[in-house]
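So the chains spell out like this:
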Amino acid sequence: IGTTVYENSAIASKSVAREIADLIKKKQAQKQPCILGLATGSSPKGLYAELVRLHKEEGVSFNNVITFNLDEYYPMQADSINSYVRFMNEQLFNYIDILPENCHVPDGTLTKERISDYCSQYEAKIEALGGIDLQILGIGGNGHIGFNESGSLQNSKTRLVALDHITRVAASGDFSGLSNTPRTAITLGVKKIMEVKRVILMAWGEGKSNIIKASVEGTVTNLVPASFLQEHNNATFVLDQGAASKLT
Ligand code: F6R
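Calculation criteria
Residues numbered from 1 in each chain as written. Predicted model: local features only at pLDDT ≥ 70, side-chain atom pairs only at ≥ 80, totals over all residues. Pairing = 2+ DSSP bridges. Helix = DSSP H or I, 4+ residues; strand = E, 2+ residues; numbered from the N terminus. Axes fitted to C-alpha atoms, helices over the stretch in contact; angles between N-to-C directions. Buried ≥ 20, exposed ≤ 12 C-beta atoms within 10 Å, placed from the backbone. Contact = placed C-beta atoms within 7 Å. UniProt positions renumbered as here; feature names shortened; annotations may be inferred. Core = buried A, V, L, I, M, F, W, Y, C linked by C-beta atoms within 7 Å. Expected span 1.5 Å × (residues − 1). Arc of directions from axis to C-beta. pLDDT = per-residue confidence, 0-100. Right-handed = clockwise from strand over helix to strand, strands pointing away.

### A few points about the sheet that holds strand β4 (residues 71–74)
Taken together, three strands build an open sheet; the order of strands is β4-β8-β7 and the sheet is antiparallel. The strands lining the two open edges of the sheet, one partner per strand, are β4 and β7 (159–162). Pairs of neighbouring strands in the sheet enclose a mean axial angle of 30 degrees, with direction left out of account. Relative to strand β8 (residues 184–187), β7 runs antiparallel, the two sharing four bridges. Its bridge partner being in β8, L160 is matched across the sheet by I186.

Written out as structure tokens, the structure is:
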């Protein structure tokens, strides 16, 4: 596992955007699609703004890019204010030249009986494309990646999960209260995350420093799913000084 510490999240986000743009261009030169795994939440917002800037000002094209988001609340309507479909459209997809049919976000509108088949198909689509080239991750205060909460197994599949209380509390501001906050979500499983070719986990601020230390320097344990990334051969934690402040 590598860690790269930047002076602040803006500089860090620009550096990650540059790596992604370089990968997209390399794949374009090879006439291949570029498969990106994307996250929502506050951590990647600066990255997405920078990717939009690279498209508008430097002509980076996303016409060969295919994306798979990590997760979506369940149940969740796509046009709802808190849906991750809406988040991705408003933070990134609406402002770049990616094809709408190439953007995948788990579907929060399915009936319960259909979820398990849907999750298998989501994984099968990724596999048919040869896997994810680069995965962006954030990290929850409990060490979750995607919505693989504490206790998720390293070989867990894409599935419907119950959200931890701490995760729901963190989201409750967006839902105007805990009682309106979803109790479940669909998440890409840990297994598929571990199979990606390159992982970049981004974390900002001192509030994340304890869980970053546990993930990078602690024992590998399913109590802290991000610690599994210690066993990935190409994972980098991109941090600002606050998030890195407890690392030895
Ligand atoms: C979101 C996701 C979550 C977040 C994590 C951190 O798609 O998968 O794991 O990355 O909860 O959220 P922020 O960035 O808001 O601190």
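### Some points on the environment of F147
Looking at where F147 falls in the secondary structure, it is placed in the loop between β6 (134–137) and β7. Judged by local crowding, F147 falls into the buried class, with 26 C-beta atoms found within 10 Å. Excluding residues that lie within four positions of it along the chain, F147 makes contacts with D71, V161, L163, A185 and T187.

### Here's the deal with the sheet that holds strand β2 (residues 34–38)
Taken in spatial order, the seven strands make up an open sheet running β1-β10-β9-β6-β2-β3-β5, and their pairing is parallel. Of all the strands in the sheet, the pair left with one neighbour each is β1 (2–6) and β5 (103–104). Where strand β3 (residues 65–69) meets β5, two bridges bridge the pair, whose relative direction is parallel. In the strand pairing of β5, T67 is matched with C103.

### Thoughts on the UniProt feature "domain: Glucosamine/galactosamine-6-phosphate isomerase" (unreviewed entry) in the chain
The sites that carry the UniProt feature "domain: Glucosamine/galactosamine-6-phosphate isomerase" (unreviewed entry) are, in the present numbering, residues 12–236. For residues 12–236, the end-to-end C-alpha separation is 12 Å, with 36% helix and 16% strand making up the annotated structure.

### With respect to the environment of K14
Mapped onto the fold, K14 is located in helix α1 (residues 9–29). In the structure, K14 is positioned 112 residues away from I126 in sequence and 27 Å away in space, judged by C-alpha atoms.

### Points about unusual backbone geometry
Cis peptide bonds are those with omega within 30 degrees of zero, and the linkage from Y74 to P75 qualifies with -5 degrees. Position of P75 among the secondary structure elements: in the loop between β4 and α3 (84–91). Residues other than glycine seldom take positive phi values, yet K31 does so here, at roughly 55 degrees. Along the chain, K31 falls in the loop between α1 and β2. Even without being glycine, S176 reaches a positive phi, approximately 45 degrees.

### Some remarks on the nonpolar core
In this structure, M88, L201, M202 and A203 are the most contacted members of the largest nonpolar core, which totals 68 residues. Among residues more than four places away in sequence, those in contact with A203 are S43, G138, I139, K208, I212, F237, L239 and A243.

### Concerning α1
The terminal C-alpha atoms of α1, which comprises 21 residues, lie 30 Å apart, in line with the 30 Å expected from a rise of 1.5 Å per residue. Taken residue by residue, α1 has S9, A12, S13, V16, A17, I20 and I24 as its buried positions. Down the axis of α1, the buried side of the element spans an arc of 135 degrees, and every buried residue falls inside it. Projecting away from the buried face of α1 at angles above 90 degrees are the exposed residues I11, D22, K26 and A29. Two residues or fewer after α1 comes K31, characterised by a positive phi angle close to 55 degrees.

### A short note on the confidence of the model for the chain
On average, residues of the chain score 98 in pLDDT, and 100% of them reach the 70 mark or higher. At the level of chain-chain contacts, confidence expressed as ipTM amounts to 0.99, with global pTM at 0.98.

### Side note on the pairing of β2
Consecutive side chains along a regular strand alternate between the two faces of the sheet. Most of β2 sits inside the fold, with five of its five residues counted as buried. Residues C34, L36 and L38 point to one face of β2 and I35 and G37 to the other, with burial holding for every one of them. By the bridge criterion, five bridges tie β2 to β3 in an arrangement that is parallel. Opposite L38, over in β3, you have N69 as the bridge partner. The parallel pair β2 and β3 is bridged by helix α2 (residues 45–58), and the resulting crossover is right-handed. Where β2 lies against β6, two bridges are found, and the strand directions are parallel. Across the sheet, L36 pairs through a bridge with L134, a residue of β6.

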